[in-house]
Amino acid sequence: KVVSYDALLVVQTGPYKIFPVHNRYGTFVENAQLSIIAVDKSENVYVIQRLPRSVIKITPDGTQTIIGETSRIVTDAKIDRDGKLVLLMNYRRPGKMDLDTGEEVEMLDVGKAVSFGDFDSDGNMYVGGRRSDLIIIAPDLTKKNLGGVYASDEILCVRVFNGYVYLLVTAASPDEQNPELAIWRHQILDATGALGAKELILDWANTGEFAATAPRNFTFDANGLMYIGTEHTQPIMILNPEDKTQDILYKDILPSFSEQLVWGAGNNLYMLLGGAEWNIVRIDMGQPGAPYFGR
């Protein structure tokens, strides 16, 4: 029964219809590891397998089509403004795939192996990886780095939200001012991608029960709440970056664990499910995600 706390009596009616908050999305070869997912403005989901490195398109009606194969194992992928798929592959030359033909070409040589990235509203792309520093790629494909701020560290996720670049970073030489595993942010100062000083948002050691498991990825909703995918049995932790309060998304309902989180063009949050079973889980959030500046 569903009843108000101060109701005088329980209304006898039914049956009640309760819609599931998540469902498995797509069918994949059993035990085939999935690398990464991306979603375009039409809510087509692109799933990239690890081996074979197939790029699978899932349309909103569930139709699956293999559109190509990447040259390397992909660590992150983003839809660009031209509708093509940018491929980051722990390699110094990011690729770009035409989603109509499956053709892949190199974008540029950034000089360091980069694995993760995101776009800002001016078309700048911020990319990073292990010992790469944060590299800013302008729309004309010129590049610059952050001046060695993360030159010895490992960048594990990059997201842009509300005029800031947020980074999940493992520090090479942690200390009291530089936690071993943390989320930082830099204010975007102008249209060229110039960034302000680093600001600590979350020391992962201070996340209670989550601290013993690894964070994998994060994204934002339209209201600024951060959703962090983890290896915990409760796979998605919610963080308010301003007051640092924490919560759990759909406690005891979602399967574990979360390799990646990507918001669609509407109210759906897509979770790449790792661990014993590789799959895509589509979660109805009842609200849109933050603006994505690539698609």
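Residues numbered from 1 in each chain as written. Predicted model: local features only at pLDDT ≥ 70, side-chain atom pairs only at ≥ 80, totals over all residues. Heavy atoms only, no water.

### Notes on the overall build of the chain
Tallying secondary structure elements over the chain gives zero helices and 24 strands in all. Principal-axis analysis of the C-alpha atoms places the extent of the chain at approximately 70 × 50 × 35 Å. Counting every atom, the chain has about 14,100 Å² of accessible surface; 48% of that belongs to carbon and sulfur. Positive and negative side-chain charges of the chain, numbering 27 and 38 respectively, have mean locations separated by a distance of 3 Å. (Helix = DSSP H or I, 4+ residues; strand = E, 2+ residues; numbered from the N terminus. Areas by Shrake-Rupley, 256 points an atom, 1.4 Å probe, with all protein chains shown as cover. Lys, Arg positive; Asp, Glu negative; His and termini not counted. Charge placed at Lys NZ, Arg CZ, Asp CG, Glu CD.)

### Comments concerning the pattern of salt bridges
Summed over all chains, the structure comprises twelve salt bridges. Of the charged contacts in the structure, one is a salt bridge between Glu 106 and Arg 93, with a shortest N-O distance of 3.7 Å. Of the two residues, Glu 106 is situated in strand 9 (residues 104-106) and Arg 93 in the loop between strand 7 (85-88) and strand 8 (95-97); the sequence distance between them amounts to 13 residues. The partner of Glu 259 in a salt bridge is Arg 216, with the nearest N and O atoms 2.9 Å apart. (Salt bridge = Lys/Arg side-chain N within 4 Å of Asp/Glu carboxyl O.)

### With respect to the side chain of Glu 43
The topology assignment puts Glu 43 in the loop between strand 2 (34-39) and strand 3 (45-49). No salt bridge is formed by the buried Glu 43, whose closest oppositely charged neighbour, Arg 282, lies at an N-O distance of 6.1 Å. Among the polar contacts made by the side chain of Glu 43, one reaches the main-chain amide nitrogen of Ala 265 at a distance of 2.7 Å. Within the structure, Glu 43 has its side chain in polar contact with the side chain of Tyr 270 (distance 2.7 Å). When residues no more than four places from it in sequence are discounted, the contact partners of Glu 43 are Ile 58, Pro 60, Gly 264, Ala 265, Gly 266, Asn 268 and Tyr 270. (Buried < 20%, exposed > 50% of the residue type's maximum accessible area, 1.4 Å probe, protein only. Polar contact = N/O pair within 3.5 Å; in protein donor to acceptor, adjacent residues only side chain to side chain. Contact = heavy atoms within 4.5 Å.)

### Observations concerning the sheet that holds strand 24 (residues 279-284)
Sheet architecture is open: four strands sit in the order 1-24-23-22, paired in antiparallel fashion. Only two strands of the sheet have a single partner each, and these edge strands are strand 1 (22-24) and strand 22 (258-263). Going across the sheet, the axis of each strand differs from the next one's by a mean of 25 degrees, ignoring polarity. The pairing of strand 1 with strand 24 spans three bridges and is classified as antiparallel. The residue bridging His 22 from the neighbouring strand is Ile 283, located in strand 24. (Pairing = 2+ DSSP bridges. Axes fitted to C-alpha atoms, helices over the stretch in contact; angles between N-to-C directions.)

### Topic: the packing of aromatic side chains
Using the criterion set out here, one finds six aromatic pairs in the structure. An aromatic cluster is present here, built from Phe 161, Tyr 164, Tyr 166, Phe 218 and Phe 220 joined pairwise through their rings. Against the face of Tyr 91 rests Arg 72, its NZ or CZ located 3.6 Å from the ring centre. Over the ring of Tyr 164 we find Arg 185; its NZ or CZ atom is 4.0 Å from the centre of that ring. (Phe/Tyr/Trp six-rings, centres within 6.5 Å; stacked < 30°, edge-to-face > 60°. Lys NZ or Arg CZ within 6 Å of the ring centre and 35° of its normal.)

### Quick word on the nonpolar core
The biggest cluster of nonpolar side chains holds 27 residues, and the ones touching the most others in it are Ile 48, Ala 77, Leu 85 and Leu 87. Contributions of two or more residues to this core are made by strand 2, strand 3, strand 6 (76-79), strand 7, strand 11 (125-128) and strand 12 (135-137). Top contributing element to this core by residue count: strand 7, with four residues. Once residues within four sequence positions are removed from consideration, Ile 48 is found in contact with Leu 34, Ser 35, Ile 36, Ser 54, Val 55, Thr 70, Val 74, Ala 77, Leu 85 and Leu 87. Among the nonpolar cores identified, the runner-up in size contains 19 residues, and Leu 156, Ile 201, Trp 204 and Ile 248 belong to it. (Core = buried A, V, L, I, M, F, W, Y, C linked by side-chain atoms within 4.5 Å.)

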